[in-house]
Amino acid sequence: MMRPLLFTNARIIDPSQDWDFSGELLVKDGVIGAAGQSLEAPQDARVIDLEGKWLVPGLIDMHVHLREPGEEYKETIETGTAAAVAGGFTAVACMPNTRPVNDSAGVTQFILEKARRAAKARVFPIAAITLGQKGEQLTEFGDLLSAGAVAFSDDGLPVRNARVMRHALEYVRNFDALIISHSEEPELSRGGLMNEGRVSVSLGLKGIPAAAEEVAVFRDVALAELTGGRLHIAHVSTRGSVEIVRRAKARGVAITAETAPHYFSLTEEAVIGYNTSAKMYPPLRTEEDRMAIIEGLKDGTIDAIATDHAPHSVIEKECEFQLAANGIIGLETSVALSLNLVRSGYISASQLIRCMSSSPSRILGVPGGSLATGDPADISIIDPEVVFTLTRESLHSMSHNSPFLGETLQGKAILTLIDGRPVYDPEGNCSHPPGQQ
Ligand SMILES: [Zn+2]
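Keep in mind that what you see is a predicted model, and the values were worked out from it rather than measured.

Undergrad: I'd love a proper account of the environment of Arg239, names of residues and values included.
TA: Secondary-structure assignment places Arg239 in helix H8 (residues 239-251). Beyond its immediate chain neighbours, meaning those up to four positions away, Arg239 contacts Glu288, Asp289 and Ala292.

Given below as structure tokens:
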């Protein structure tokens, strides 16, 4: 049995309850006991003085690729969830583009079983919209939801056929479930290697226009409006997409959207030098797009920050730019990069935690995102000040494909709890008696 934990001198931030105050929080029997000032704690409670560090609802990353089953040389559910908790995430939602594709209850159950055995972050499988992600025949939404899937997406690939997407959005209404759109018009993105613009011209690389994303976002928003199905736009990367989502929300369309830290941290300039660790889909865009993404987070047009954690082995990344795989890892850099938005004064700490915890929980309809009394004690403790250098050795992910390797970053998780149990505790806050190391 875990001893009760009393966190003192914490900056407690919980946007679901409009909390941002300095105080104490008690964890008992795996749930949140109470929060406030000078709490009465049980005699045997372990007191952990947080010295002003942040105590927030466990972060939830609603868009990761765990690569298992099928590509265990890139990442496994065990290493991916280890990276998650080290990044402050108590839960991740994993995309279905595995081998085989998660388009059946059997694969969903396999993922959940592996996650249970890994006993790190909670894993919420996202099942495919279409069988084999081929874009033709819808999967059995009811069976997949019963098996534990929390949403549907063909992420990695767009649903090319608008009629199929329409049916998916109609069908999903029966279950009040969610469709997540990987918005890409493949005829416009075909053969593209980076954002289409000044830099692609100078590097002589075939570009992907912003319109390749925007046409698809617009199509899926129109289909959501037509059907009333719940739609979430994945990895928004352009100014135009932000504007389409903003206008649709103003009309009352049932849509939400996410972006990834790289879209508000980097631009297409990162590709200069044919840097394969800056190659991803959608591609890094322009400074104007980057600022529009930040504006979208600021005014709530973009609901969530998700990493699109996409591990790839050295073979797939340390090669010619044309041949390199798309995507970067993100679980262990998201907190630091996202904190930059708070440090720069773009958004408040509370807005940040909303984007990284409360909103993903609400959008996916999964538990978490709150520190209310009686809730499971899924908690992230974040030191927003600590400065560290991102190295291969420091990463828990099996892959190292990050454009931030070697960079000095600020802010990271120092303790992650699930059900009140420490799943990441490198400083031994929960395992050593006070005063001993
Ligand atoms: Zn995608």
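Undergrad: Tell me about the coordination of the zinc ion, residues and numbers included.
TA: In this structure, Asp155 (OD), His182 (ND1) and His235 (NE2) serve as the protein donors to the zinc ion, at separations of 2.0 to 2.2 Å. Along the chain, the residues donating to the zinc ion are arranged with the sequence spacing D-x26-H-x52-H. Remark: His235 occurs in the loop between strand S13 (230-233) and H8 and Asp155 occurs in the loop between strand S9 (151-153) and helix H4 (162-173); sequence separation between them is 80 residues.

Undergrad: Which residues make up the nonpolar core, and what values go with them?
TA: In this structure, Trp54, Phe152 and Ile179 are the most contacted members of the largest nonpolar core, which totals 67 residues. There are two domains that each give this core at least three residues, and those are domain 1 (5-55 + 375-424) and domain 2 (59-364). If sequence neighbours within four positions are ignored, Trp54 has contacts with Arg11, Ile13, Leu339, Ala349, Leu352, Ile353, Ser380, Ile381, Ile382 and Pro384. In terms of nonpolar packing, the next biggest core, distinct from the first, is built from 22 residues, Met194, Ile328, Ile329 and Ala336 among them.

Undergrad: Go over the side chain of Glu68 with me, naming the residues and quoting the values.
TA: Mapping Glu68 onto the fold places it in the loop between strand S6 (59-64) and helix H1 (77-86). Of the polar contacts made by the side chain of Glu68, one reaches the backbone nitrogen of Ile77; its length is 2.7 Å. Reaching out from Glu68, the side chain makes a polar contact with the side chain of Lys114 at a distance of 3.3 Å.

Undergrad: Can you break down the packing of aromatic side chains residue by residue, with the values?
TA: In the structure shown here, the tally under the stated rule is four aromatic pairs. Centroid distance Tyr171 to Phe175: 5.4 Å. Interplanar angle 80 degrees. Geometry classified as edge-to-face. Each member of the aromatic cluster is reached from another via a ring pair, and the members are Phe141, Phe152, Tyr171 and Phe175. One Lys or Arg, Lys279, reaches over the ring of Phe321 and ends 5.5 Å from the middle of that ring.

Thresholds applied
- Residues numbered from 1 in each chain as written.
- Predicted model: local features only at pLDDT ≥ 70, side-chain atom pairs only at ≥ 80, totals over all residues.
- Heavy atoms only, no water.
- Helix = DSSP H or I, 4+ residues; strand = E, 2+ residues; numbered from the N terminus.
- Contact = heavy atoms within 4.5 Å.
- Donors = N, O, S within 2.8 Å, 3.2 Å for Na, K, Ca; no water.
- Core = buried A, V, L, I, M, F, W, Y, C linked by side-chain atoms within 4.5 Å.
- Buried < 20%, exposed > 50% of the residue type's maximum accessible area, 1.4 Å probe, protein only.
- Domains from an automatic or database assignment.
- Polar contact = N/O pair within 3.5 Å; in protein donor to acceptor, adjacent residues only side chain to side chain.
- Phe/Tyr/Trp six-rings, centres within 6.5 Å; stacked < 30°, edge-to-face > 60°.
- Lys NZ or Arg CZ within 6 Å of the ring centre and 35° of its normal.

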